[in-house]
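Below are the chains, spelled out letter by letter.
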Amino acid sequence: MLEPSHNNELPAIPGKRYFTIGEVADLCAVKAHVLRYWEQEFPQLSPVKRRGNRRYYQRADVITIRQIRSLLYDQGYTIGGAKQKLSSHEIKDDTSQYKQLIRQMITELEEVLEVLNAPAR
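Residues numbered from 1 in each chain as written. Predicted model: local features only at pLDDT ≥ 70, side-chain atom pairs only at ≥ 80, totals over all residues. Heavy atoms only, no water.

### As for the pattern of salt bridges
Where charged atoms from two side chains of opposite charge approach closely, those side chains can pair.
So, step 1. Scanning the model with the defined rule gives three salt bridges in all.
So, step 2. Among the ionic pairs, Lys-16 bridges to Glu-23, the shortest N-O distance being 2.7 Å. (Salt bridge = Lys/Arg side-chain N within 4 Å of Asp/Glu carboxyl O.)

Have a look at this one:
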């Protein structure tokens with residue numbers, strides 16, 4: 001993925017499915033109004049909106065926001081440059097690498113499951 005230089009200093013993302021805008025603001029060390037602005041600028045950000053237009057971000061959104069934060073604050077990109085970087089083939093290649101890694105892990109786990117389910121000798 002992108003170089004998460006200061007993302008190590010950010011708190012770990014809890015194992016929840018949805019996060020409120022306040023939680024995401026704390027997890028990513030940005031203010032809520034910045035998140036709302038980034039939603040307008042970056043098409044990759046699309047939180048689920050529920051009753052009363054309340055935003056609920058998923059884990060992938062939080063990771064994307066951390067990438068955007070790193071590009072803008074740590075690496076010095078402009079909004080336009082960060083948009084290009086996020087939509088570039090580099091990010092897509094990283095995603096396909098991760099998908100390939102996940103497929104490999106699934107295959108290995110299925111093999112372990114077969115060994116565990118095999119009748120004992």
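What follows picks up the thread again.
### Focus on the packing of helix H2 (residues 32-41) against helix H3 (residues 59-74)
How two helices pack is summed up by the angle between their axes together with the distance between the axes.
So, step 1. H3 packs onto H2 with a crossing angle of 95° between their chain directions and a minimal axis gap of 12 Å. By the angle between their directions, the pair H2 and H3 is classed as roughly perpendicular. Facing Val-34, Leu-35 and Trp-38 of H2, the residues of H3 in contact are Ile-65, Ile-68, Arg-69, Leu-72 and Tyr-73.
So, step 2. Within the contact of H2 with H3, the residues separate by chemical class into seven nonpolar, no polar and one charged. (Axes fitted to C-alpha atoms, helices over the stretch in contact; angles between N-to-C directions. Helix = DSSP H or I, 4+ residues; strand = E, 2+ residues; numbered from the N terminus. Parallel < 35°, antiparallel > 145°, perpendicular 65-115°, else oblique. Contact = heavy atoms within 4.5 Å. Nonpolar A, V, L, I, M, F, W, Y, C, P; charged D, E, K, R; others polar.)

### Section: helix H4 (residues 79-87)
So, step 1. Within H4 the residues assigned to the buried category are Gly-81, Ala-82, Lys-85 and Leu-86. Here the buried residues of H4 occupy an arc of 130° about the axis, which is enough to place them on one side. (Buried < 20%, exposed > 50% of the residue type's maximum accessible area, 1.4 Å probe, protein only. Arc of directions from axis to C-beta.)

### Comments concerning the sheet that holds strand S3 (residues 54-58)
So, step 1. Pairing is antiparallel in the open sheet, where three strands are placed in the order S1-S3-S2. Single-partner strands in this sheet number two, and they are strand S1 (18-20) and strand S2 (48-50). Averaged over all pairs of adjacent strands, the angle between their axes in this sheet comes to 40°, without regard to strand direction.
So, step 2. Two elements, S1 and S3, share three bridges in a ladder whose sense is antiparallel. Following the sheet pairing, Thr-20 is matched in S3 by Tyr-56. (Pairing = 2+ DSSP bridges.)

### So, the nonpolar core
So, step 1. Ranked by size, the top nonpolar core spans 21 residues in total, and within it Val-24, Cys-28, Leu-35, Trp-38, Val-62, Ile-65 and Ile-68 carry the most contacts.
So, step 2. Looking at this core, the elements that each hand over two or more residues are helix H1 (21-28), H2, H3 and H4.
So, step 3. Other than its neighbours up to four places away in sequence, Ile-68 contacts Trp-38, Phe-42, Leu-45 and Leu-86. (Core = buried A, V, L, I, M, F, W, Y, C linked by side-chain atoms within 4.5 Å.)

### Topic: the packing of aromatic side chains
So, step 1. One pass over the structure, following the stated rule, counts one aromatic pair.
So, step 2. Here Trp-38 and Tyr-73 contribute two aromatic rings whose centre-to-centre distance is 6.0 Å and whose plane-to-plane angle is 55°, an arrangement assigned as tilted. Residue Trp-38 is found in helix H2, and its partner Tyr-73 is found in helix H3; the two are separated by 35 residues along the sequence.
So, step 3. Take Tyr-73: its relative accessible area is 46%, and that puts it in the partly exposed class. (Phe/Tyr/Trp six-rings, centres within 6.5 Å; stacked < 30°, edge-to-face > 60°.)

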